[in-house]
Amino acid sequence: MSSTATETQDAQDDQPLTDGFHLVIDALKLNGIKTIYNVPGIPITDLGRFMQAEGLRVLSFRHEQHAGYAAAIAGYLTKTPGVCLTVSAPGFLNGLTALAHATTNCYPMILISGSSEREIVDLMQGDYEEMDQLAIAKPMCKAAYRILHAEDIGIGIARAIRAAVSGRPGGVYLDLPAALLGQVMDAAAGEKSLVKVIDPAPAQLPAPDSVKRALDVLKSAKKPLIVLGKGAAYAQADDQIRALVEKSGIPYIAMSMAKGLLPDDHDLYAGAARSLVLKESDTVMLIGARLNWLLSHGKGKAWGTAPKKFVHIDIEPKEMDSNVEIAAPLVGDITSCVEALLDGMGNNWTAPPAEWTDAVKAKRDANIEKMAPRLLNNNVPMDYHGALGSLKRIVAANPDLILVNEGANTLDFARSIIDMFKPRKRLDVGTWGVMGIGMGQAIAAAVETGCPVLCVEGDSAFGFSGMEIETICRYNLPVCVVIFNN
Ligand code: ADP
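The sections below set out a description of the structure shown in this document. All of these numbers come straight from a predicted model, not from anything done at the bench.

### Observations concerning helix α15 (residues 334–345)
Phase 1: Between its first and last C-alpha atoms α15 spans 16 Å; for twelve residues at 1.5 Å apiece the expected length is 16 Å, and the two agree.
Phase 2: Residues Ile-334, Ser-336, Cys-337, Val-338, Leu-341, Leu-342 and Met-345 constitute the buried set of α15.
Phase 3: Buried residues along α15 sit in contact with α11 (208–219), α12 (230–234), α13 (238–248), β11 (283–287), β12 (309–314) and β13 (328–331).
Phase 4: Sitting at the amino-terminal end of α15 is Asp-333, which places a side-chain oxygen 3.2 Å from the backbone nitrogen of Thr-335.
Phase 5: At the exit of α15 stands Gly-346, carrying a positive phi of roughly 60°.

Structure follows, in structure tokens:
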């Protein structure tokens, strides 16, 4: 070798290098990801270790499904994708349930799974944990990507983040083959390849015509009702939503995870008169709530025979007319839509007729009064009402506490009995009504918010994720679990 060639070779040897592991970590950190919910193992063991060394908080669970439920609810609480990291094939499949759950519930989440060698998987030659994970994930989530080259890690993670949080949030799968993590490249070029996602969930303003149409429908209502859903809680438009309810003077009900968006003791809250307002209202404004099974699809016995007009605020245009005709679709992000309505209402908005609001309040107050003595009972053995009455008082005295709730009867009773006073304090089974979310959600709630967590669990529901109690203890998290053993 000539002396010049030797010098060039030496200079190249001195050039700082990076690898797939560190590019993944740098890309996540650049985009504000701080916590990883994972179960370690081949081929992501070293990725988790390097993440810890580089300052990410990596929480290790007993089972990927619960790490996934934790990531999903972290996304809901923070509006930043919750990240779950799993091994290939079985670990990936365990995490997939939570990814589908995140997508169904409109929570932003990224499931990152290590995968086996592409060349062997694609020829089906029988690799360790062989599985075409990308193909399997695709129908279960909002988007699915695979990164094959180290220089694409920046753009791949940027795509995953934007897909998870923009528009209707959801789950994204990111496939990282083991070989990618070990790929080496020039550190400066690696740094340049990273992408910081600018404005990941851009505001989506409603069309002015649709705002006017919605206001016209609301103005003509004699018995209006607002339904707040967990999309409204997710949007973190707390002040605007409260202003809209109060300025309009319209009674409202809250879907279970929207409870506390306005305090449940608010004068316009009609939770305890739910049957009456669904049946008798003539106009219903849905804010971040779908007309799915949880709202009896907007028709049938629960909604009574009175003709109804619906105003529907949602970021997803396809949601309009999903079950019944929507008289005034308002497509946009909730903050922008609610602000546009407030603007359009001006200063002379007329509250709904007192005949309606008084009837709603009278029914609500009567129902609350009827229930009160049952919640004070001291029956032996303890019953749902006695036990939940005690928990209701504890939650009222500790409004910052986060309540996680799952079960069958334990869920149904607790939802109506325990009042919430602040937004995003009630986390439950969500759109599928699924059991097993308890400990994963409790862990993420404690980690993401620092608030104490109270889990109210049916015994069957608790059984699905009970082993994660060990995770709660290992990280010394402020979680109290109450199990209803009926
Ligand atoms: P619930 O179960 O409480 O009734 P759903 O999950 O059925 O609530 O509905 C939530 C809705 O909120 C979804 O249709 C989703 O598209 C919508 N959504 C989520 N985030 C936003 C947002 N920022 N702006 C507008 N709509 C949103």
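### A word on the sheet that holds strand β15 (residues 426–427)
Phase 1: With parallel pairing, the four strands of this open sheet are ordered in space as β15-β14-β16-β17. The open sheet terminates on both sides in strands that have one partner only, identified here as β15 and β17 (479–484).
Phase 2: In this structure, strand β14 (residues 402–406) lies alongside β15, joined through two bridges in parallel fashion. Across the sheet, Leu-403 pairs through a bridge with Arg-426, a residue of β15.
Phase 3: Contacting β14, β15, β16 (453–458) and β17, helix α18 (residues 409–417) runs over the sheet at an angle of about 140° to β14.

### Quick word on the side chain of Asn-405
Phase 1: Topologically, Asn-405 is positioned in strand β14.
Phase 2: In terms of polar contacts, Asn-405 uses its side chain to reach the side chain of Arg-426, at 3.0 Å.
Phase 3: Among the polar contacts listed, one links the side chain of Asn-405 to the backbone oxygen of Val-456, at a separation of 2.9 Å.
Phase 4: Other than its neighbours up to four places away in sequence, Asn-405 contacts Thr-410, Leu-411, Ala-414, Arg-415, Arg-426, Leu-427, Asp-428, Val-429, Ile-437 and Val-456.

### Some details on unusual backbone geometry
Phase 1: In the segment running from Ile-42 into Pro-43, the intervening peptide bond is cis, with an omega of 10°.
Phase 2: Cis rather than trans, the peptide bond between Val-380 and Pro-381 has omega equal to -5°.
Phase 3: As for its placement among the helices and strands, Pro-381 is situated in the loop between α16 (354–371) and α17 (384–397).
Phase 4: Located in the positive-phi region is Lys-79, a residue other than glycine, with phi close to 65°.
Phase 5: Residue placement: Lys-79 occurs in the loop between α4 (64–78) and β4 (82–86).
Phase 6: The backbone of Arg-424 shows a phi angle near 60°, a positive value even though the residue is not glycine.

### Here's the deal with the site of the ligand
Phase 1: Close to the ligand lie 19 residues; Arg-168, Lys-230, Arg-290, Asp-314 and Ile-334 are nearest.
Phase 2: A distance of 3.1 Å separates a nitrogen atom of the ligand from a polar atom in the backbone of Ile-315.
Phase 3: Ile-334 places a main-chain nitrogen or oxygen 2.9 Å from a nitrogen atom of the ligand.
Phase 4: Surface burial for the ligand is 96%, taken as the share of its 580 Å² of free accessible area covered by protein chains.
Phase 5: A per-class count over the shell around the ligand returns eight nonpolar, six polar and five charged.

### Structural notes on the pattern of salt bridges
Oppositely charged side chains can form a pair if their charged atoms are brought close together.
Phase 1: Taken as a whole and judged by the stated rule, the model has 20 salt bridges.
Phase 2: Salt bridges sharing common partners tie together Asp-267, Lys-361, Arg-364 and Asp-365.

### Points about the packing of aromatic side chains
Two numbers describe a pair of aromatic rings. These are the distance of the centres and the angle of the planes.
Phase 1: Per the counting criterion, the structure on display carries nine aromatic pairs.
Phase 2: Seen in terms of ring centroids, Trp-303 and Phe-310 are 5.5 Å apart; in terms of plane orientation they differ by 65°. Their pairing is edge-to-face. As far as burial versus exposure is concerned, Trp-303 and Phe-310 are alike and both buried.
Phase 3: Above the face of the Tyr-234 ring, Lys-79 is positioned so that its terminal group lies 5.6 Å from the ring centre.

The rules behind each value
Residues numbered from 1 in each chain as written. Predicted model: local features only at pLDDT ≥ 70, side-chain atom pairs only at ≥ 80, totals over all residues. Heavy atoms only, no water. Helix = DSSP H or I, 4+ residues; strand = E, 2+ residues; numbered from the N terminus. Expected span 1.5 Å × (residues − 1). Buried < 20%, exposed > 50% of the residue type's maximum accessible area, 1.4 Å probe, protein only. Contact = heavy atoms within 4.5 Å. Polar contact = N/O pair within 3.5 Å; in protein donor to acceptor, adjacent residues only side chain to side chain. Pairing = 2+ DSSP bridges. Axes fitted to C-alpha atoms, helices over the stretch in contact; angles between N-to-C directions. Near = heavy atom within 4 Å. Areas by Shrake-Rupley, 256 points an atom, 1.4 Å probe, with all protein chains shown as cover. Nonpolar A, V, L, I, M, F, W, Y, C, P; charged D, E, K, R; others polar. Salt bridge = Lys/Arg side-chain N within 4 Å of Asp/Glu carboxyl O. Phe/Tyr/Trp six-rings, centres within 6.5 Å; stacked < 30°, edge-to-face > 60°. Lys NZ or Arg CZ within 6 Å of the ring centre and 35° of its normal.

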